[in-house]
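Reading the structure
What follows is the residue order along each chain.
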Amino acid sequence: MSFLGVEKSLTGRRWVGPTLEVDRAAETISQHSGLPRPVSQILARRGVAPQEAEAFLTPSLRDLLPDPHTLKDAEKAAARILAAVEKREKIAVFADYDVDGGASAALLLNWLRALGHQTTLYVPDRIDEGYGPNDAAMAQLAASHDLIICVDCGTLSHGPIAAAKQADVLVLDHHLGDETLPPAYAVVNPNRQDETGALSHLCAAAVVFLILVELGRQLRALGKVGPDLMAMLDLVALATVADVAPLVGVNRAFVRQGLRVMAQRSRPGLAALADVARMDTAPTAYHLGFLLGPRVNAGGRIGAADLGARLLATNDPHEATALAERLDVLNTERRDIEASVRAAALEQAEQRGLDAALVWAAGPGWHPGVVGIVASRLKETSGRPSIVIGVENGIGKGSGRSVSGIDLGQPIQRLAAEGLLEKGGGHKMAAGLTVTEEKIEAAMARLTELLEKQGAHLVGAADLKLDGLLMPAAATIELSEMVEQAGPFGASAAAPRYAFADMAIRFAKRVGETHLKITFGDSAGATMEAICFGAFDGQIGPALENHGGARFHLAGRLDINTWRGRKSVQLRLEDAAPT
């Protein structure tokens, strides 16, 4: 049964409220713990038992941090790094060009620098070299280094790692592995096929952090003291959120503690980035995912690939400011490039149809740095797994994003094994691929077939799940702060959404090209402000701007807006439906 009778909203979704079971569980949690009902409702939805409520609200690394020894090769990898430090060997870090890769590299560079060890950073160019290690780069690094540490990449790089004949290679990664491991000295990856999968939710930076924990343990056994790892959790938090890792288990503690560290502004790169992003409040998971993450990624997408890692690793405030400003400019350019590719990809995908098991588009000259973002937009529009491919000189480089319950990484790896792709890999929710132009149609047809077997063609427009009703007068700062206690919110831990029923639009104003700001109110005269990002990309903007006195049900998430030191609650509007 739909919530408030909304079967099809302005975004085409059915609204669904809490189940009777969740309501009952929330009531039990409230009675057991004395927590406010909105907080209990969130815990009930997450399946938290009443006796576990307090521990859930205060996630502790002491309680949740896994023993690094539970990961295969972790002890061996740490021992090899420590040996390289002791012998003053030359070390290179080969990092992926995204936030997770940059944060992973920065963790290692900072840790080694604290021990007086200078390290070479190598980040491949997205266009010229593509994702992950390549033969030429690895051979070149091996000729002048004793140890190469691949972070956020390398698990499928059999040939390139074999090409590094003169150096030992460590792989610290989280991408899906295949049946055989590359010929590395050690491969630490919770998604190796011979792992249990208990830590499959970790991003690469979290894996690196566990190696640093093991390094600290080995140093203490020698009577030595290592760097303060707690001060590095801001990098782990950023990578966890930006890489859309599920906010479950230890990831919640990483992000919660990392945000506290970040609020201290002790890392020059993140402080400078927060300044160019005009962040004037304490950081939240939202800031990591939507303000800081995209700017760190901008270098790898359309600029110099190593800018993000250098920003996160530097301890020079002047260099940090210069890098942050450059990344901010690149991020603006990235938005413009993305907009043109998105329009072309959506038009092509709509012509092909948005109801197949796979929604895809390919085009000449589409910048490979934005195809992943555009794939995300297609996925959001269609509710289906989506692939976007940019073609240049007969070679297509693509990126894919999946929906909950549909594994995209394994079918992509299968296509590579079948010879339809030059290479491909990833994880359940995201994947990358390289394909020759003449094989694109056949590869996408085969991928569609594999995704159909998972039921991807049966996935409808996702229901909008709501946590209950609110009135404007009840949406207070106090309520918003209580709700935040149940965070952080993100992947696999959606922030609570509330519906405001039968609201009148008192004021509506377009902001920029696509956003909408409104003031709405109820029959009692209470009012509230809301912001809807991308409102004019769909029907919400036109409907609310030209409301003609009509009343609407509104749905979204509570947000604390700070303006010139004054706090107020606003609704981050996600959907609407005429009453």
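Residues numbered from 1 in each chain as written. Predicted model: local features only at pLDDT ≥ 70, side-chain atom pairs only at ≥ 80, totals over all residues. Heavy atoms only, no water.

Once that is clear, we can look at the overall build of the chain. Helix and strand counts for the chain stand at 20 helices and 17 strands. Over its C-alpha atoms the chain spans a radius of gyration of 24 Å, differing by no more than 12% from the 25 Å that the globule rule assigns to 579 residues. Oriented by its inertia axes, the alpha-carbon framework of the chain measures out at about 75 × 60 × 45 Å. Per-residue burial over the chain gives 56% buried out of 579 residues. For the chain, contacts bridging at least 24 residues in sequence account for 64% of all contacts bridging at least 6. When the accessible surface of the chain is summed, it comes to about 24,300 Å², and 51% of that surface belongs to carbon and sulfur atoms. For the chain, the centre of its 58 positive side-chain charges and the centre of its 68 negative side-chain charges are spaced 3 Å apart. (Helix = DSSP H or I, 4+ residues; strand = E, 2+ residues; numbered from the N terminus. Rg over C-alpha atoms; globule rule 2.2 N^0.38 Å. Buried < 20%, exposed > 50% of the residue type's maximum accessible area, 1.4 Å probe, protein only. Contact = heavy atoms within 4.5 Å. Areas by Shrake-Rupley, 256 points an atom, 1.4 Å probe, with all protein chains shown as cover. Lys, Arg positive; Asp, Glu negative; His and termini not counted. Charge placed at Lys NZ, Arg CZ, Asp CG, Glu CD.)

To continue, consider helix 10 (residues 233-242). Burial runs high along helix 10: 9 of the 10 residues are buried. Immediately beyond the C-terminal end of helix 10, within one or two residues, lies Val244, with a positive phi of roughly 55°.

So, on to helix 5 (residues 74-86). The terminal C-alpha atoms of helix 5, which comprises 13 residues, lie 18 Å apart, in line with the 18 Å expected from a rise of 1.5 Å per residue. Listing the buried residues of helix 5 in full gives Ala74, Ala77, Ala78, Arg80, Ile81, Leu82, Ala84 and Val85. (Expected span 1.5 Å × (residues − 1).)

Right, let's talk about the packing of helix 6 (residues 99-114) against helix 9 (residues 204-221) for a bit. In the contact formed by helix 6 and helix 9, the axes pass within 8 Å of each other and the chain directions differ by 15°. It follows from the interaxial angle that helix 6 and helix 9 lie roughly parallel. When you trace helix 6 past helix 9, the crossing you get is right-handed. In contact with Asp100, Ala103, Ser104, Leu107, Leu108 and Trp111 of helix 6, helix 9 contributes Ala204, Ala205, Val208, Phe209, Leu212, Leu215 and Leu219. (Axes fitted to C-alpha atoms, helices over the stretch in contact; angles between N-to-C directions. Parallel < 35°, antiparallel > 145°, perpendicular 65-115°, else oblique. Left-handed = near helix turned anticlockwise from the far one by under 90°.)

Time to look at the nonpolar core. Ranked by size, the top nonpolar core spans 86 residues in total, and within it Ile81, Trp111, Ile149, Val151, Leu172, Leu212 and Phe254 carry the most contacts. Broken down by element, the residue count for this core peaks at 11 residues, all from helix 9. Of all hydrophobic cores here, the second largest spans 41 residues; its members include Leu10, Leu57, Ala475 and Leu558. (Core = buried A, V, L, I, M, F, W, Y, C linked by side-chain atoms within 4.5 Å.)

Glancing now at the sheet that holds strand 4 (residues 147-151). With respect to topology, 5 strands assemble into an open sheet ordered 3-2-4-5-6, the strand pairing being parallel. Here the strands that pair on one side only, and so sit at the sheet edges, are strand 3 (120-122) and strand 6 (186-188). Direction aside, neighbouring strands of the sheet carry axes that sit 20° apart on average. Looking at chain direction, strand 2 (residues 91-95) and strand 4 are connected through 5 bridges and run parallel. Paired with Ala92 across the bridge in strand 4 is Ile148. Of the strands in this sheet, strand 2, strand 4, strand 5 (168-172) and strand 6 are in contact with helix 5, which crosses strand 5 at around 130°. (Pairing = 2+ DSSP bridges.)

Okay, the sheet that holds strand 17 (residues 566-578) next. Pairing between sheet strands relies on hydrogen bonds along the backbone, with the strands arranged either parallel or antiparallel. The 5 strands lie next to each other as 13-14-15-17-16, forming a closed barrel whose pairing is mixed. On average, each strand axis in the sheet is inclined to that of its neighbour by 45°, with strand direction left out of account.

A word on the packing of aromatic side chains. Using the criterion set out here, one finds 4 aromatic pairs in the structure. When the centroid spacing of 5.2 Å and the interplanar angle of 25° are considered together, the rings of Phe94 and Tyr122 count as stacked. Of this pair, Phe94 sits in strand 2 while Tyr122 sits in strand 3, and the two are 28 residues apart along the sequence. Here the basic side chain of Arg252 rests over the ring of Phe56, its NZ or CZ set 3.7 Å away from the ring centre. (Phe/Tyr/Trp six-rings, centres within 6.5 Å; stacked < 30°, edge-to-face > 60°. Lys NZ or Arg CZ within 6 Å of the ring centre and 35° of its normal.)

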